[in-house]
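Close look at the chain arrangement
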Amino acid sequence: MTDSATMTPDADLTDAPTQRRGSGTSSVRSVFKHIALILASVLMIYPLLWMLVSSFRPNELIFREPGLILDSIHLENYTVGWTALTNPFGHYMLNSAIVVLGCIFGNVVSCSLAAYAFARLKFTFKNVFFAIMLLTIMLPSHVVIVPQYVMFSKLPIFRDGQFLIDGGWINTFLPLIVPKLLATDAFFVFLMVQFIRGLPKELDEAARIDGCGHFRIFASIIMPLMTPAIATTTIFTFIWTWNDFFSALIYLTTPENYTVSLALRAFLDSSGASNWGAMFAMSIVSLLPVFIAFLIGQRWLVRGIATTGIK
(Lines give C-alpha, C1' and ligand atoms only; values in the text may rest on other atoms or scores of the structure.)
Protein backbone atom coordinates (compact mmCIF):
# COMPACT_ATOMS: atom_id res chain seq x y z
CA MET A 1 0.00 0.00 0.00
CA THR A 2 2.86 2.35 0.72
CA ASP A 3 4.32 1.89 -2.74
CA SER A 4 1.00 2.45 -4.47
CA ALA A 5 0.32 5.54 -2.35
CA THR A 6 3.66 7.02 -3.25
CA MET A 7 3.28 6.22 -6.95
CA THR A 8 -0.18 7.72 -7.42
CA PRO A 9 0.82 11.42 -7.11
CA ASP A 10 3.68 10.85 -9.57
CA ALA A 11 1.29 9.32 -12.05
CA ASP A 12 -1.11 12.26 -11.65
CA LEU A 13 1.74 14.72 -12.17
CA THR A 14 2.80 12.83 -15.31
CA ASP A 15 -0.69 12.79 -16.81
CA ALA A 16 -1.49 16.47 -16.07
CA PRO A 17 0.64 18.00 -18.90
CA THR A 18 -0.77 15.45 -21.32
CA GLN A 19 -4.33 16.38 -20.38
CA ARG A 20 -3.55 20.09 -20.73
CA ARG A 21 -1.98 19.51 -24.16
CA GLY A 22 -5.02 17.46 -25.22
CA SER A 23 -7.48 20.11 -24.09
CA GLY A 24 -5.44 22.83 -25.81
CA THR A 25 -5.39 20.88 -29.10
CA SER A 26 -9.11 20.28 -28.84
CA SER A 27 -9.87 23.97 -28.28
CA VAL A 28 -7.69 25.02 -31.24
CA ARG A 29 -9.42 22.45 -33.44
CA SER A 30 -12.80 23.75 -32.30
CA VAL A 31 -11.82 27.33 -33.18
CA PHE A 32 -10.73 26.35 -36.70
CA LYS A 33 -13.92 24.32 -37.14
CA HIS A 34 -16.10 27.29 -36.19
CA ILE A 35 -14.13 29.61 -38.47
CA ALA A 36 -14.62 27.19 -41.38
CA LEU A 37 -18.35 26.96 -40.66
CA ILE A 38 -18.67 30.75 -40.51
CA LEU A 39 -16.83 31.18 -43.81
CA ALA A 40 -19.00 28.51 -45.44
CA SER A 41 -22.16 30.22 -44.10
CA VAL A 42 -21.06 33.59 -45.46
CA LEU A 43 -20.31 31.99 -48.83
CA MET A 44 -23.76 30.39 -48.98
CA ILE A 45 -25.71 33.45 -47.85
CA TYR A 46 -23.77 35.95 -50.01
CA PRO A 47 -25.99 35.55 -53.13
CA LEU A 48 -29.09 36.25 -51.04
CA LEU A 49 -27.50 39.32 -49.47
CA TRP A 50 -26.37 40.54 -52.89
CA MET A 51 -29.91 40.14 -54.26
CA LEU A 52 -31.32 42.05 -51.27
CA VAL A 53 -28.83 44.88 -51.72
CA SER A 54 -29.35 44.94 -55.51
CA SER A 55 -33.10 45.35 -55.03
CA PHE A 56 -32.37 48.82 -53.63
CA ARG A 57 -30.10 49.86 -56.53
CA PRO A 58 -31.07 51.40 -59.90
CA ASN A 59 -30.90 49.00 -62.83
CA GLU A 60 -27.85 50.65 -64.35
CA LEU A 61 -25.81 50.16 -61.14
CA ILE A 62 -26.71 46.57 -60.27
CA PHE A 63 -23.93 44.93 -62.27
CA ARG A 64 -21.64 47.97 -62.29
CA GLU A 65 -21.33 47.97 -58.47
CA PRO A 66 -21.51 44.32 -57.33
CA GLY A 67 -20.56 45.01 -53.71
CA LEU A 68 -22.76 44.92 -50.63
CA ILE A 69 -22.29 48.59 -49.69
CA LEU A 70 -25.13 50.93 -50.62
CA ASP A 71 -24.47 54.59 -51.37
CA SER A 72 -28.21 55.33 -51.28
CA ILE A 73 -31.45 53.39 -51.00
CA HIS A 74 -33.89 53.39 -53.92
CA LEU A 75 -37.36 51.92 -53.37
CA GLU A 76 -38.47 52.36 -56.98
CA ASN A 77 -37.80 48.71 -57.78
CA TYR A 78 -40.46 47.62 -55.29
CA THR A 79 -43.11 50.07 -56.46
CA VAL A 80 -42.39 49.44 -60.14
CA GLY A 81 -42.07 45.68 -59.75
CA TRP A 82 -45.42 45.39 -57.97
CA THR A 83 -47.28 46.84 -60.97
CA ALA A 84 -44.90 46.09 -63.86
CA LEU A 85 -46.71 43.00 -65.17
CA THR A 86 -50.20 42.51 -66.56
CA ASN A 87 -51.62 42.13 -63.04
CA PRO A 88 -50.32 43.40 -59.70
CA PHE A 89 -47.76 41.04 -58.19
CA GLY A 90 -50.20 40.26 -55.39
CA HIS A 91 -52.39 38.50 -57.98
CA TYR A 92 -49.62 35.99 -58.70
CA MET A 93 -48.97 35.48 -55.01
CA LEU A 94 -52.68 34.72 -54.59
CA ASN A 95 -52.47 32.14 -57.40
CA SER A 96 -49.51 30.51 -55.67
CA ALA A 97 -51.38 30.54 -52.37
CA ILE A 98 -54.35 28.73 -53.96
CA VAL A 99 -52.09 26.05 -55.41
CA VAL A 100 -50.13 25.72 -52.15
CA LEU A 101 -53.23 25.35 -49.98
CA GLY A 102 -54.70 22.75 -52.34
CA CYS A 103 -51.45 20.77 -52.38
CA ILE A 104 -51.11 20.92 -48.59
CA PHE A 105 -54.67 19.68 -48.10
CA GLY A 106 -54.16 16.90 -50.63
CA ASN A 107 -50.85 15.70 -49.21
CA VAL A 108 -51.96 15.78 -45.57
CA VAL A 109 -55.21 13.88 -46.19
CA SER A 110 -54.16 11.37 -48.84
CA CYS A 111 -50.64 10.63 -47.57
CA SER A 112 -51.83 10.14 -43.99
CA LEU A 113 -54.56 7.71 -45.13
CA ALA A 114 -52.09 5.77 -47.28
CA ALA A 115 -49.57 5.72 -44.43
CA TYR A 116 -52.17 4.36 -42.00
CA ALA A 117 -53.01 1.59 -44.45
CA PHE A 118 -49.36 0.58 -44.86
CA ALA A 119 -48.59 0.83 -41.15
CA ARG A 120 -51.68 -0.72 -39.57
CA LEU A 121 -53.75 -2.70 -42.08
CA LYS A 122 -53.06 -6.19 -43.41
CA PHE A 123 -53.85 -6.82 -47.04
CA THR A 124 -52.52 -8.89 -49.93
CA PHE A 125 -49.26 -7.76 -51.52
CA LYS A 126 -48.84 -4.96 -48.98
CA ASN A 127 -45.06 -5.26 -48.96
CA VAL A 128 -44.96 -5.31 -52.76
CA PHE A 129 -47.05 -2.15 -53.01
CA PHE A 130 -44.95 -0.48 -50.33
CA ALA A 131 -41.76 -1.32 -52.24
CA ILE A 132 -43.23 0.05 -55.47
CA MET A 133 -44.22 3.19 -53.61
CA LEU A 134 -40.65 3.62 -52.35
CA LEU A 135 -39.28 3.10 -55.86
CA THR A 136 -41.28 6.09 -57.08
CA ILE A 137 -39.17 8.31 -54.82
CA MET A 138 -36.21 7.61 -57.11
CA LEU A 139 -38.24 8.35 -60.25
CA PRO A 140 -37.63 11.92 -61.52
CA SER A 141 -40.80 13.90 -62.11
CA HIS A 142 -39.52 14.89 -65.58
CA VAL A 143 -39.86 11.27 -66.71
CA VAL A 144 -43.64 11.22 -66.29
CA ILE A 145 -44.38 14.83 -67.22
CA VAL A 146 -45.15 14.04 -70.90
CA PRO A 147 -47.71 11.24 -70.28
CA GLN A 148 -49.24 13.32 -67.49
CA TYR A 149 -49.58 16.29 -69.82
CA VAL A 150 -51.27 14.14 -72.47
CA MET A 151 -53.64 12.66 -69.88
CA PHE A 152 -54.60 16.02 -68.36
CA SER A 153 -55.15 17.53 -71.82
CA LYS A 154 -57.75 14.82 -72.55
CA LEU A 155 -59.73 15.10 -69.32
CA PRO A 156 -63.06 16.97 -69.58
CA ILE A 157 -63.61 20.18 -67.63
CA PHE A 158 -66.83 22.03 -66.85
CA ARG A 159 -66.59 25.47 -68.42
CA ASP A 160 -69.17 27.96 -69.77
CA GLY A 161 -72.05 25.75 -68.66
CA GLN A 162 -70.87 22.59 -70.42
CA PHE A 163 -68.22 19.90 -70.29
CA LEU A 164 -65.36 20.61 -72.68
CA ILE A 165 -62.59 18.26 -73.75
CA ASP A 166 -60.61 20.65 -75.96
CA GLY A 167 -57.54 21.56 -73.93
CA GLY A 168 -58.70 19.58 -70.92
CA TRP A 169 -57.20 20.66 -67.63
CA ILE A 170 -54.32 22.56 -69.25
CA ASN A 171 -54.05 26.20 -68.13
CA THR A 172 -55.86 25.44 -64.87
CA PHE A 173 -54.64 24.71 -61.35
CA LEU A 174 -56.13 21.19 -61.44
CA PRO A 175 -53.01 19.37 -62.77
CA LEU A 176 -51.00 20.94 -59.95
CA ILE A 177 -53.47 20.10 -57.15
CA VAL A 178 -55.44 16.96 -58.04
CA PRO A 179 -52.43 14.55 -58.09
CA LYS A 180 -51.74 15.50 -54.47
CA LEU A 181 -55.16 14.09 -53.54
CA LEU A 182 -53.96 10.67 -54.73
CA ALA A 183 -50.92 10.33 -52.41
CA THR A 184 -48.42 10.75 -55.23
CA ASP A 185 -45.68 12.15 -52.94
CA ALA A 186 -44.14 8.90 -51.71
CA PHE A 187 -41.68 10.74 -49.46
CA PHE A 188 -44.48 11.99 -47.21
CA VAL A 189 -46.17 8.57 -47.19
CA PHE A 190 -42.92 6.98 -46.05
CA LEU A 191 -42.37 9.67 -43.43
CA MET A 192 -45.84 9.14 -41.95
CA VAL A 193 -45.53 5.35 -42.08
CA GLN A 194 -42.37 5.56 -40.00
CA PHE A 195 -44.12 7.83 -37.51
CA ILE A 196 -47.23 5.64 -37.18
CA ARG A 197 -45.09 2.55 -36.67
CA GLY A 198 -43.61 4.27 -33.64
CA LEU A 199 -47.03 4.64 -32.01
CA PRO A 200 -48.06 1.82 -29.63
CA LYS A 201 -50.56 -0.61 -31.15
CA GLU A 202 -52.20 -0.97 -27.74
CA LEU A 203 -54.01 2.31 -28.46
CA ASP A 204 -55.62 0.76 -31.55
CA GLU A 205 -56.57 -2.40 -29.68
CA ALA A 206 -58.17 -0.43 -26.84
CA ALA A 207 -60.18 1.63 -29.33
CA ARG A 208 -61.23 -1.53 -31.19
CA ILE A 209 -62.51 -3.04 -27.94
CA ASP A 210 -64.66 0.09 -27.52
CA GLY A 211 -66.19 -0.59 -30.93
CA CYS A 212 -64.15 1.81 -33.09
CA GLY A 213 -63.50 0.98 -36.72
CA HIS A 214 -60.44 1.84 -38.74
CA PHE A 215 -61.68 5.28 -39.76
CA ARG A 216 -62.58 6.20 -36.17
CA ILE A 217 -59.21 4.95 -34.92
CA PHE A 218 -57.45 6.96 -37.61
CA ALA A 219 -59.43 10.17 -37.04
CA SER A 220 -59.60 10.10 -33.24
CA ILE A 221 -56.30 8.49 -32.21
CA ILE A 222 -53.70 8.38 -34.98
CA MET A 223 -54.24 11.82 -36.53
CA PRO A 224 -53.96 13.81 -33.26
CA LEU A 225 -50.71 11.98 -32.44
CA MET A 226 -49.29 12.64 -35.92
CA THR A 227 -49.01 16.41 -35.42
CA PRO A 228 -45.19 16.53 -35.89
CA ALA A 229 -45.33 14.46 -39.09
CA ILE A 230 -48.26 16.48 -40.44
CA ALA A 231 -46.45 19.74 -39.65
CA THR A 232 -43.34 18.46 -41.47
CA THR A 233 -45.45 17.50 -44.49
CA THR A 234 -47.14 20.91 -44.47
CA ILE A 235 -43.88 22.86 -44.34
CA PHE A 236 -42.13 20.84 -47.04
CA THR A 237 -45.18 20.94 -49.30
CA PHE A 238 -45.46 24.70 -48.84
CA ILE A 239 -41.81 25.35 -49.71
CA TRP A 240 -41.62 22.92 -52.64
CA THR A 241 -44.92 24.03 -54.19
CA TRP A 242 -44.29 27.75 -53.71
CA ASN A 243 -40.90 27.45 -55.41
CA ASP A 244 -42.03 25.04 -58.15
CA PHE A 245 -41.28 26.43 -61.60
CA PHE A 246 -41.21 23.47 -63.97
CA SER A 247 -44.73 22.12 -63.38
CA ALA A 248 -46.26 25.60 -63.49
CA LEU A 249 -44.39 26.34 -66.71
CA ILE A 250 -45.79 23.19 -68.33
CA TYR A 251 -49.44 23.52 -67.34
CA LEU A 252 -50.08 27.29 -67.00
CA THR A 253 -50.04 29.10 -70.32
CA THR A 254 -51.71 32.50 -69.76
CA PRO A 255 -50.36 35.31 -67.53
CA GLU A 256 -53.70 35.42 -65.70
CA ASN A 257 -52.94 32.03 -64.11
CA TYR A 258 -49.21 32.53 -63.51
CA THR A 259 -47.78 31.64 -60.11
CA VAL A 260 -45.00 33.58 -58.40
CA SER A 261 -42.20 31.62 -60.06
CA LEU A 262 -43.56 32.28 -63.56
CA ALA A 263 -44.26 35.92 -62.75
CA LEU A 264 -40.63 36.43 -61.73
CA ARG A 265 -39.53 34.89 -65.02
CA ALA A 266 -41.68 37.42 -66.87
CA PHE A 267 -39.38 40.24 -65.71
CA LEU A 268 -36.61 38.84 -67.93
CA ASP A 269 -36.85 39.40 -71.67
CA SER A 270 -34.41 37.60 -73.94
CA SER A 271 -35.16 39.92 -76.87
CA GLY A 272 -35.27 43.22 -75.04
CA ALA A 273 -34.37 44.96 -71.79
CA SER A 274 -34.69 42.96 -68.57
CA ASN A 275 -35.87 44.67 -65.41
CA TRP A 276 -33.38 43.12 -63.01
CA GLY A 277 -34.05 45.52 -60.17
CA ALA A 278 -37.79 44.86 -60.18
CA MET A 279 -37.20 41.12 -60.41
CA PHE A 280 -34.84 41.17 -57.43
CA ALA A 281 -37.31 43.26 -55.44
CA MET A 282 -40.21 40.91 -56.15
CA SER A 283 -37.96 37.93 -55.44
CA ILE A 284 -37.39 39.30 -51.95
CA VAL A 285 -41.15 39.80 -51.55
CA SER A 286 -41.85 36.24 -52.72
CA LEU A 287 -39.28 34.84 -50.28
CA LEU A 288 -40.99 36.38 -47.25
CA PRO A 289 -43.77 33.73 -47.00
CA VAL A 290 -41.16 30.98 -47.20
CA PHE A 291 -39.06 32.51 -44.42
CA ILE A 292 -42.12 33.08 -42.25
CA ALA A 293 -43.36 29.51 -42.76
CA PHE A 294 -39.92 28.10 -41.96
CA LEU A 295 -39.45 30.23 -38.85
CA ILE A 296 -42.90 29.36 -37.51
CA GLY A 297 -42.61 25.65 -38.25
CA GLN A 298 -38.93 25.08 -37.58
CA ARG A 299 -39.56 23.44 -34.20
CA TRP A 300 -42.17 21.09 -35.65
CA LEU A 301 -39.97 20.37 -38.66
CA VAL A 302 -37.05 19.19 -36.53
CA ARG A 303 -39.33 17.27 -34.21
CA GLY A 304 -41.16 15.58 -37.07
CA ILE A 305 -37.97 14.37 -38.77
CA ALA A 306 -36.39 13.29 -35.46
CA THR A 307 -39.38 11.20 -34.43
CA THR A 308 -39.85 9.37 -37.73
CA GLY A 309 -36.52 7.56 -37.71
CA ILE A 310 -35.23 9.32 -40.85
CA LYS A 311 -31.52 10.01 -40.40
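Residues numbered from 1 in each chain as written. Predicted model: local features only at pLDDT ≥ 70, side-chain atom pairs only at ≥ 80, totals over all residues. Heavy atoms only, no water.

Focus on the overall build of the protein
The helix and strand tally for the protein stands at 14 helices and 2 strands. Per-residue burial for the protein yields a buried fraction of 36% across its 311 residues. Of the contacts formed within the protein by residues at least 6 apart in sequence, a portion of 67% connects residues at least 24 apart. In the form shown here, the protein has an accessible surface area of approximately 18800 Å², with 69% of it arising from carbon and sulfur atoms. (Helix = DSSP H or I, 4+ residues; strand = E, 2+ residues; numbered from the N terminus. Buried < 20%, exposed > 50% of the residue type's maximum accessible area, 1.4 Å probe, protein only. Contact = heavy atoms within 4.5 Å. Areas by Shrake-Rupley, 256 points an atom, 1.4 Å probe, with all protein chains shown as cover.)

A few points about the environment of leucine 113
Within the secondary structure layout, leucine 113 lies in helix α4 (residues 89-120). With relative accessibility at 40%, the residue leucine 113 sits in the partly exposed group.

Digging into the environment of valine 146
Tracing the backbone through its elements, the reader meets valine 146 in helix α6 (residues 141-154). Valine 146 gets classed as exposed once you look at its relative accessible area, which sits at 55%. Separated by 104 residues in sequence, valine 146 and isoleucine 250 place their C-alpha atoms 9.5 Å apart.

Let's talk about the packing of α4 against helix α8 (residues 186-197)
Look at α4 against α8: their axes get within 8 Å of each other, and the N-to-C directions meet at 50 degrees. Judged by the angle between their axes, α4 and α8 are oblique. Here α4 and α8 pass one another in a crossing that is right-handed. Within the contact between the two elements, α4 uses Asn107, Val108, Cys111, Ser112, Ala114, Ala115, Tyr116, Phe118, Ala119 and Arg120 and α8 uses Phe188, Val189, Met192, Val193, Ile196 and Arg197. Residue composition of the contact of α4 with α8, grouped by class: 12 nonpolar, 2 polar and 2 charged. (Axes fitted to C-alpha atoms, helices over the stretch in contact; angles between N-to-C directions. Parallel < 35°, antiparallel > 145°, perpendicular 65-115°, else oblique. Left-handed = near helix turned anticlockwise from the far one by under 90°. Nonpolar A, V, L, I, M, F, W, Y, C, P; charged D, E, K, R; others polar.)

Topic: helix α5 (residues 126-135)
When we look at burial in α5, the residues that qualify are Lys126, Phe130 and Met133. Buried residues of α5, seen end-on, are gathered within an arc of 60 degrees and therefore sit on one face of the element. Facing away from the buried side of α5 by over 90 degrees, the exposed positions are Asn127 and Leu135. Residues of α5 that are buried make contact with α4 and α8. (Arc of directions from axis to C-beta.)

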